[in-house]
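Inside the fold
This is what each chain is made of:
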Amino acid sequence: MRPIAPTPIILAVLLVLGSVTPATAGASLPDTAPASFRAQVAALDSVAEAALAPVDAPRLLAEADAAEPFSGPVLFAEAQATSYGLDAGTWETLADGSRLWRLRLSSPGATSLNLRFGRFELPEGAELWFYDPARTTVQGPYGRSQRNPEGELWTAMVSGDEAVVELLLPAAVAQAPVELEISSVQRGFRPVGAAFTKQGSCNNDVICPEGDPYRDQIRAVAWYSVNGIGLCSGTLMNNTAVDFTPYFLTADHCRVGSGNAGSMVVYWNFESPTCGQLSGGSLADNQSGALFRAGDEGSDFTLVELLEMPSADFHVYYAGWDATTSVPTGVVGIHHPNLDEKAISFDDDLLLIEDSSYWRVGAWNDGTTEPGSSGSCLFRQDTKRCIGTLTGGFASCSEPGEYDVYGRMSAHWDGPNKASRLRDWLDPTASGLLAMAGADPASGGEQPGPCVADAQTACLNQGRFAVSIIWRDFEDNTGVGTVVPGASDDSALFWFFKAANWEVLVKVLRACGVNQRYWVLGAAATNVEYTITVTDHVTGQTETYDNPLGRRAPAIADTNSFAVCP
């Protein structure tokens, strides 16, 4: 279901604050909490209240759940158009000369409230806050830097059916003109937040031990609201300039475009504090606004650029990606099922190819996905890089044998123009790389994982390069090449069918003294289909070498791919 953006009733309110009558003075205020929490102010029940229509949450929830899964973002709220300006609330003056404005909002039966300010013009230093009367959820401060290109502000949500909007104008700007209008209030009908548990019990909290190898990737994943009424998952992405431009990848069917990207509110670190709790997450780490950059309905992706870099306090990670056609032998999904706390799912089998645009997870071995997981990345288990975005499927805790479909990064990569492909954004240096390691802004650079040798992975040149092979025979059987033990540091042998029947030799030679490159050489004695994947675990570059079914395998003599000396 495509969410419909609320149509506001525009009323610009311009107020010169010198006309406001002073109130009882209070103490000096820190800038880490709303002024009313720290100062002596009028009682909240004396503040003007705007009463909105009640919410029939059971009816709206039933209607939303009747919609086709994965046909759009998961709907959690209904918008009500409003026109509340500064004349709708209550003003008072504090001891230091600052001015305080508050307005109470109520909508009986609502599970949450969030706001769209159609006009948001504040002087420098002014602070806007949004919180529930019990002060359990406090969103803000919002200032002029959070104003999106459309001149709006969309707030994060607070739980419950009552909330307070508060504006503080410091003494230095107390007489400055202000334009502020609440153009719509989004009233929740689906519970979201720490007090609710809705996701299936087969999900794995990311804090559980099975998430330990993917701590960085977990930090890259978030969920977001769009138009204040729908929710999906997405992932923060690295680019070849490693400049930490906040590119955020999600699904096209989540209905984010150039007209409403500014409405996005991204929530980081919404996770259970205890393994197995499947609840208890905090909505505190969030940011508002984005710019649409690219999207494609065919492979189902959308890329936006967040208006601001995520705060250092959020400890985010910029995920690596892989736009090659290399087929992994195990994948991981990190996502927010049914709008709930972040979960992690595992498929330990060879990934299936749906078609040139989509991957298919045949069945999850551990965990699942749900509506709300849409747009989340599918990560390779070996390199921990994003290879696709969740489009949909039938997997659930009640249907553990069902499948999911992900749009492939290789299909997202190219398109007729920069507004329909990822290449221009994730490879701004025009490096030609089709794979890239992730990066941690706290360390300032790339963070490729080490090569880990196992029965199907050879680590060459002192562990810098990983080599693996997948194959398919004439009876459509598939498998993973097995490493023959005992080879040198620059060579790897693989067998497919019997340990004594070697199929492929791959060598990665250091030729820095010849042409400042590492060379990939290979030979094979087979005519089955295979793909050799060679990954540089220093730079993140990945190269693949394919042989089609029925062709006598040619020699490999690639002396140009890895220009990474020393």
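In this report, we go over the structure that sits alongside the text. The shown structure was predicted, so the numbers you read here are calculated from the model rather than taken from an experiment.

It is worth spelling out the side chain of Thr137 at this point. When you line up the elements, Thr137 lands in the loop between β8 (127-131) and β9 (138-142). By relative accessible area, which is 13% here, Thr137 ends up buried. Once residues within four sequence positions are removed from consideration, Thr137 is found in contact with Phe130, Tyr131, Asp132, Met157, Val158 and Ser159.

Moving on: the pattern of salt bridges. By the definition in use, this model includes 24 salt bridges. Arg187 is paired through a salt bridge with Glu78; the nearest N and O atoms lie 3.0 Å apart. Taken as a pair, Arg187 in strand β13 (residues 178-188) and Glu78 in strand β4 (residues 77-85) lie far apart in primary sequence, 109 residues in all. Salt-bridge contacts for Asp476 lead to Arg472; the nearest nitrogen and oxygen are separated by 3.0 Å.

Under the criterion given, the structure shown has 5 disulfides. Between the sulfur of Cys208 and that of Cys275 lies a disulfide, 2.0 Å long from S to S. Given an S-S torsion of about 100 degrees, the disulfide between Cys208 and Cys275 has right-handed geometry. Pair noted here: Cys208 is in the loop between β13 and α3 (215-220) and Cys275 is in the loop between β17 (265-267) and β18 (286-288), with a separation of 67 residues, a long-range link. Overall, Cys208 belongs to the buried group, its relative accessible area being 4%. A residue is classified by how much of its surface remains accessible, and Cys275, at 43% relative accessible area, is partly exposed. The side chain of Cys451 participates in a disulfide bridge whose partner is Cys459; the two sulfur atoms lie 2.0 Å from each other. Taking the sign of the torsion about the S-S bond as the criterion, the disulfide between Cys451 and Cys459, at about -85 degrees, is left-handed. A relative accessible area of 21% places Cys459 in the partly exposed class.

What follows deals with the nonpolar core. Grouped together as the largest cluster of nonpolar side chains are 51 residues, with contacts concentrated most on Tyr224, Met237, Phe248, Leu249, Trp268, Ile334 and Met409. Among residues more than four places away in sequence, those in contact with Met409 are Met237, Leu249, Trp321, Asp322, Ala323, Cys386, Ile387, Gly388, Leu422 and Leu426. Counting residues in hydrophobic clusters, the runner-up holds 49 residues, among them Trp154, Val158, Trp223 and Leu231.

Cut-off values and rules
Residues numbered from 1 in each chain as written. Predicted model: local features only at pLDDT ≥ 70, side-chain atom pairs only at ≥ 80, totals over all residues. Heavy atoms only, no water. Helix = DSSP H or I, 4+ residues; strand = E, 2+ residues; numbered from the N terminus. Buried < 20%, exposed > 50% of the residue type's maximum accessible area, 1.4 Å probe, protein only. Contact = heavy atoms within 4.5 Å. Salt bridge = Lys/Arg side-chain N within 4 Å of Asp/Glu carboxyl O. Disulfide = S-S within 2.5 Å. Core = buried A, V, L, I, M, F, W, Y, C linked by side-chain atoms within 4.5 Å.

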